[in-house]
Amino acid sequence: GAGVSQSPSNKVTEKGKDVELRCDPISGHTALYWYRQSLGQGLEFLIYFQGNSAPDKSGLPSDRFSAERTGGSVSTLTIQRTQQEDSAVYLCASSLERGTDTQYFGPGTRLTVL
Amino acid sequence: LAKTTQPISMDSYEGQEVNITCSHNNIATNDYITWYQQFPSQGPRFIIQGYKTKVTNEVASLFIPADRKSSTLSLPRVSLSDTAVYYCLVGDRQTGRRALTFGSGTRLQVQP
């Protein structure tokens, strides 16, 4: 079946602009995660959605970052007033149920802020 | 949060067995141990998960001693295609939250 998809695959923007990154999870997966990975680094947790529960936003680095998940499926990560330090690969993952169930990752969106 | 510690990097040769050990001294009773593999320019991919003793699948084996304060991922007869970063995660299946810290992982380089 179809895996997790993300769009765009690459995004180049200018400092100060807003960007939206999209994630389509695997159908039926109730949990959705966003991570950020800077070059050569590990994954940094950003936000976690589980069903209809309030999302766990504890990993968002600043109030310029926000995410929503509509209808329990597609999610959008929005970064406002982008800064150069926001440049990274943004990875989305989904899983069937609970946090430690297997996470299936998308290919990521490479964001470059000039 | 249960912190995990892994070697930053390891080198091996094709055909050898590779063992990557992860320390998780503060592991809690409900915590499971999960390993992921990440190739360049790709998202991580699940390899194996276990709670205690030994788990084996078609890709790897996971050894967990009785005190569960560490775990060892074993890759039999590695090939060049096993060159990747390997992440150890510890988390609670009930709450889920604690499995969200990937850390820096172990960069495995397999040489011919």
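See the structure shown above.
Parameters and conventions
Residues numbered from 1 in each chain as written. Chains lettered and ligands numbered in written order. Predicted model: local features only at pLDDT ≥ 70, side-chain atom pairs only at ≥ 80, totals over all residues. Heavy atoms only, no water. Helix = DSSP H or I, 4+ residues; strand = E, 2+ residues; numbered from the N terminus. Rg over C-alpha atoms; globule rule 2.2 N^0.38 Å. Buried < 20%, exposed > 50% of the residue type's maximum accessible area, 1.4 Å probe, protein only. Contact = heavy atoms within 4.5 Å. Pairing = 2+ DSSP bridges. Axes fitted to C-alpha atoms, helices over the stretch in contact; angles between N-to-C directions. Polar contact = N/O pair within 3.5 Å; in protein donor to acceptor, adjacent residues only side chain to side chain. Salt bridge = Lys/Arg side-chain N within 4 Å of Asp/Glu carboxyl O.

(A) Highlighting the overall build of chain B. From N to C terminus, chain B includes zero helices and nine strands. Listing every helix and strand of chain B by position from the N terminus yields β-β-β-β-β-β-β-β-β. For a compact globule of 112 residues, the expected C-alpha radius of gyration is about 13 Å, and chain B comes in at 13 Å, within 12% of that figure. Principal-axis analysis of the C-alpha atoms places the extent of chain B at approximately 40 × 30 × 20 Å.

(B) Region of interest: the overall build of chain A. What chain A contains, in helices and strands, is zero helices and ten strands. Going from N to C terminus, chain A has its helices and strands arranged as β-β-β-β-β-β-β-β-β-β. Based on the C-alpha atoms only, the size of chain A along its principal axes is roughly 35 × 25 × 25 Å. Out of the 114 residues in chain A, the part that is buried amounts to 49%. Relative to all contacts within chain A whose residues are 6 or more apart in sequence, the contacts with residues 24 or more apart total 56%.

(C) Region of the structure containing the sheet that holds strand β7 (residues 75–79) of chain A. Residue and element names in this part refer to chain A. The strand order across the open sheet built from four strands is β1-β3-β7-β6, with neighbouring strands paired in antiparallel fashion. Both outer strands of the open sheet, β1 (5–7) and β6 (65–69), are each paired with one neighbouring strand and no more. Each strand of the sheet is rotated relative to its neighbour by a mean of 15°, with strand direction disregarded. Where β6 and β7 come together, five bridges link them in antiparallel fashion. Within β7, the position partnered with Ser66 by the bridge is Thr78.

(D) Highlighting the side chain of Gln37 of chain B. Residues and elements named next belong to chain B. Mapped onto the elements, Gln37 comes out in strand β3 (residues 31–38). Looking at Gln37, the relative accessible area reads 5%, which means it is buried. Here the side chain of Gln37 touches Arg45 through a polar contact of 2.6 Å, side chain to side chain. Engagement of the side chain of Gln37 in a polar contact is seen with the side chain of Tyr86, the distance being 2.9 Å.

(E) Layout of the pattern of salt bridges. Residues and elements named next belong to chain A. Applying the stated criterion across every chain, the model contains three salt bridges over all chains. A salt bridge links Asp24 to Arg22; its shortest N-O distance comes to 2.8 Å. Note that Asp86 is salt-bridged to Arg64, the shortest N-O span being 2.8 Å. With a gap of 22 residues between them, Asp86 in the loop between β7 and β8 (88–95) and Arg64 in the loop between β5 (43–50) and β6 connect regions that are remote in the sequence. One exposure class covers both Asp86 and Arg64, and it is buried.

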